[in-house]
Amino acid sequence: MEVRENIRAFIGQHLIVFNDDVSFTDEDNIFELGFVNSLFAMKLLNYVEHTFDIVLENEDIDINNFSSVNNIERLIAGKLSSTAGNE
Amino acid sequence: MKDIKCVIWDLDNTIWEGTLLEDKTVTLRDGIREVLEELDNRGILHSVASKNNYEEAVGKLEELGIAHYFLFPQVSWNAKSHAVSTIQEQLNLGADTFLFIDDQPFEREEVKNVHPKISCIDAAEFRLLLTDKRLQPKFITTDSRRRRFMYLEAAERNRQEEAFRGPKEQFLAQLNMELLISPATEEDLERAEELTLRTNQYNATGTIYSYEELNYFRISPDHDLLVCELTDKFGSYGKIGLALVEKQSSYWHLRMILISCRVISHGIGTVLLNYILNQAFQTGKKVRADFQQTDRNRMMYLTFKFAGFTVLTNEAGLILFENEAAQLLKLPGYIKITDHQLISKWK
């Protein structure tokens, strides 16, 4: 839950939305909600890597992994469990 | 060897003779003014990393009539490597495009130690800057001559943005940004070559094109060489983007797309890419794009993926992307796109 809140706050702060006062659920597609430009995408990537201490590979960089709060959380959880498995 | 985009100067016994803390009447070193002016004319930026009291040192630069040359001067008692990091962040330029000049071997060592890619030279050799190949751009364009002013305008924008209360999109909307996308003219080619040389972060291939090659594509009926200029209420950012489209019967092949690092923060790269994709999709064409992965253009990879491109082939980082034209891409309301000349060409 905490992870989700964290991701949600980041998106709320950085995404340039198409309409003012927009609200979004954890399922909503953020790519339809706002203008996902390169800088936002890069910030989101850096945020995920630094906040959760994971490294994203080229194959992780897929629009579906980043399209909603839930999907981002799933991506992070997947990366964290695969790292733990290696130790 | 990378071209130098910014020279970072020490002050005591480098810009002026003597140490300001000990002697308030220090005088400008003979020949310094000419070097500053000449490099400024060539579009090379200047900054300062000095251990002094800020007010005093900047006051002295003003008194000497050279303060206006220096962007983001860093004067404090912190390590100079720290000053260099701050300047690099402010200008958003690669470390290997900076040159640090100081009379103290210790300071040069300290900077070099933290920033191994930065060139460091002894202040005694300052005259060599005028003949150093890395400080001699092949062309001096309107954009390069105005470079210092464009950074100053950008700093003013940033200051206003930080002071702005309210959503980011409201701030962007009141900038009245306009992106002019047009077919390259002969007059654009020097700047176009310069852009292929200078752009690293938002650059799909990193290929450097010569004036002659660009002129070939400009005239070729199978290619469209596009140039973008961005303006807002503060003035023009100059020619800040370039794209090369090769037209095949069933798809458009994006051979090059690049955007100056000065305007990435406004989402211009994505606007240009989405614009080109939409033009292709509207005529029923797919889009392919060349991409060469480097350690600095991850943002570009991300942009392609998030715009719906998939990897067709990948040979050791040389990637061919394809976009199947699933749906038109969205463009933000805060930028007006003007493309009259292209429309008449494409329709």
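Procedures and definitions
Per-chain numbering applies: the sequence of each chain, read as written, is numbered from 1 onward. Naming scheme: in the order in which they are written, chains are lettered from A and ligands are numbered from 1. Confidence filtering applies because this is a predicted model: local features only for residues at pLDDT of at least 70, side-chain atom pairs given and counted only at 80 or more, and all residues used for totals across whole chains, interfaces and linings. Working definition: helices are DSSP H or I runs of at least four residues, strands are E runs of at least two. Numbering for both runs from the N terminus. Here the globule rule reads 2.2 Å times residues to the power 0.38, and the radius of gyration is calculated from C-alpha atoms. What counts as a contact here is a pair of residues whose C-beta atoms, placed from the backbone, lie within 7 Å. Those domain boundaries reflect an automatic or database domain assignment. Under the convention adopted here, Pro, Cys and the residues Ala, Val, Leu, Ile, Met, Phe, Trp and Tyr are nonpolar, Asp, Glu, Lys and Arg are charged, and Gly plus all remaining residues are polar. By convention in this section, buried Ala, Val, Leu, Ile, Met, Phe, Trp, Tyr and Cys residues joined through C-beta atoms within 7 Å make up a nonpolar core. Three exposure classes are used. Buried residues have 20 or more other C-beta atoms within 10 Å of their own C-beta, exposed residues have 12 or fewer, and partly exposed residues fall in between, all C-beta atoms being placed from the backbone. One requirement defines pairing of two strands: DSSP has to find at least two bridges between them. Axis geometry follows a simple rule: fit a line to the C-alpha atoms, using only the stretch in contact for helices, then measure angles between N-to-C directions, giving values from 0 to 180 degrees.

### Describing the overall build of chain A
Link 1 in the chain: Of the regular secondary structure elements, chain A holds five helices and two strands.
Link 2 in the chain: Reading the secondary structure of chain A in the N-to-C direction produces α-β-α-β-α-α-α.
Link 3 in the chain: Its C-alpha atoms give chain A a radius of gyration of 13 Å, within 12% of the compact-globule value 12 Å for 87 residues.
Link 4 in the chain: Considering only intrachain contacts with a sequence separation of at least 6, the fraction spanning at least 24 residues in chain A is 57%.

### A word on the domain arrangement of chain B
All names here are of chain B.
Link 1 in the chain: Domain assignment breaks chain B into domain 1 (6-135) and domain 2 (142-346).
Link 2 in the chain: On a C-alpha basis, the centres of domain 1 and domain 2 stand 33 Å from each other.
Link 3 in the chain: Facing the nine residues of domain 1 at the interface are eight residues of domain 2.
Link 4 in the chain: A per-class count over the side of domain 1 that touches domain 2 returns three nonpolar, four polar and two charged.

### Notes on the nonpolar core
Residues and elements named next belong to chain B.
Link 1 in the chain: Judged by nonpolar contacts, the single largest core of 74 residues is most densely connected at Ala243, Ile268, Leu272 and Ile276.
Link 2 in the chain: When residues of this core are assigned to their parent elements, the largest contribution, eight residues, is made by helix 10 (residues 268-282).
Link 3 in the chain: If we skip the residues at most four places from it in the chain, Ile276 touches Ala243, Val245 and Leu254.
Link 4 in the chain: One finds Val26, Val48, Tyr69 and Phe126 within the second-largest nonpolar core, a separate group that totals 35 residues.

### Some thoughts on the pairing of strand 6 (residues 98-102) of chain B
Residues and elements named next belong to chain B.
Link 1 in the chain: The buried count for strand 6 comes to five of five residues, which makes it a mostly enclosed element.
Link 2 in the chain: Where burial is concerned, the two faces of strand 6 agree: the one with Phe98, Phe100 and Asp102 and the one with Leu99 and Ile101 are both buried.
Link 3 in the chain: Summarising the sheet, strand 1 (residues 6-9) and strand 6 pair through four bridges and their orientation is parallel. Across the sheet, Cys6 pairs through a bridge with Phe98, a residue of strand 6.
Link 4 in the chain: Taken together, the four bridges between strand 6 and strand 7 (residues 119-122) define a ladder with parallel strand orientation. Looking across to strand 7, one finds that Asp102 is bridged to Asp122.

### Overview of the interface of chain A and chain B
By a widely used convention, the size of an interface equals the accessible area lost when the partners come together.
Link 1 in the chain: Of the residues lining the interface, 15 residues belong to chain A; the matching set on chain B comes to 18 residues.
Link 2 in the chain: Of all the secondary-structure elements, those providing two or more residues to the side of chain A that touches chain B are strand 1 (16-17) and helix 3 (38-51) of chain A.
Link 3 in the chain: Examining the composition of the side of chain A that touches chain B, we find that five residues originate from one element, helix 3 of chain A, more than from any other.
Link 4 in the chain: Tallied by class, residues from the side of chain A that touches chain B come to 10 nonpolar, three polar and two charged.

### Notes on the sheet that holds strand 5 (residues 74-75) of chain B
Residues and elements named next belong to chain B.
Link 1 in the chain: Across the sheet, which stays open at both edges, the five strands sit in the order 5-4-1-6-7 with parallel pairing between neighbours. Whereas interior strands pair on both sides, the edge strands pair on one side only; in this sheet they are strand 5 and strand 7.
Link 2 in the chain: When strand 4 (residues 45-50) meets strand 5, the two strands line up parallel, connected through two bridges. Its bridge partner lying in strand 5, Ala49 is registered against Gln74.
Link 3 in the chain: On top of the sheet, helix 3 (residues 80-91) reaches strand 1, strand 4, strand 5 and strand 6; it is set at about 150 degrees to strand 4, its chief contact.

### Topic: the sheet that holds strand 11 (residues 251-259) of chain B
Residues and elements named next belong to chain B.
Link 1 in the chain: One open sheet accounts for eight strands, arranged 13-14-12-11-10-9-8-15; its pairing is mixed. Both outer strands of the open sheet, strand 13 (310-315) and strand 15 (335-338), are each paired with one neighbouring strand and no more. Here the average twist between neighbouring strands, direction ignored, is 25 degrees.
Link 2 in the chain: Pairing of strand 8 (residues 177-183) with strand 15 involves four bridges; the strand directions are parallel. In the sheet register, Glu178 faces strand 15, and the bridge partner there is Lys336.

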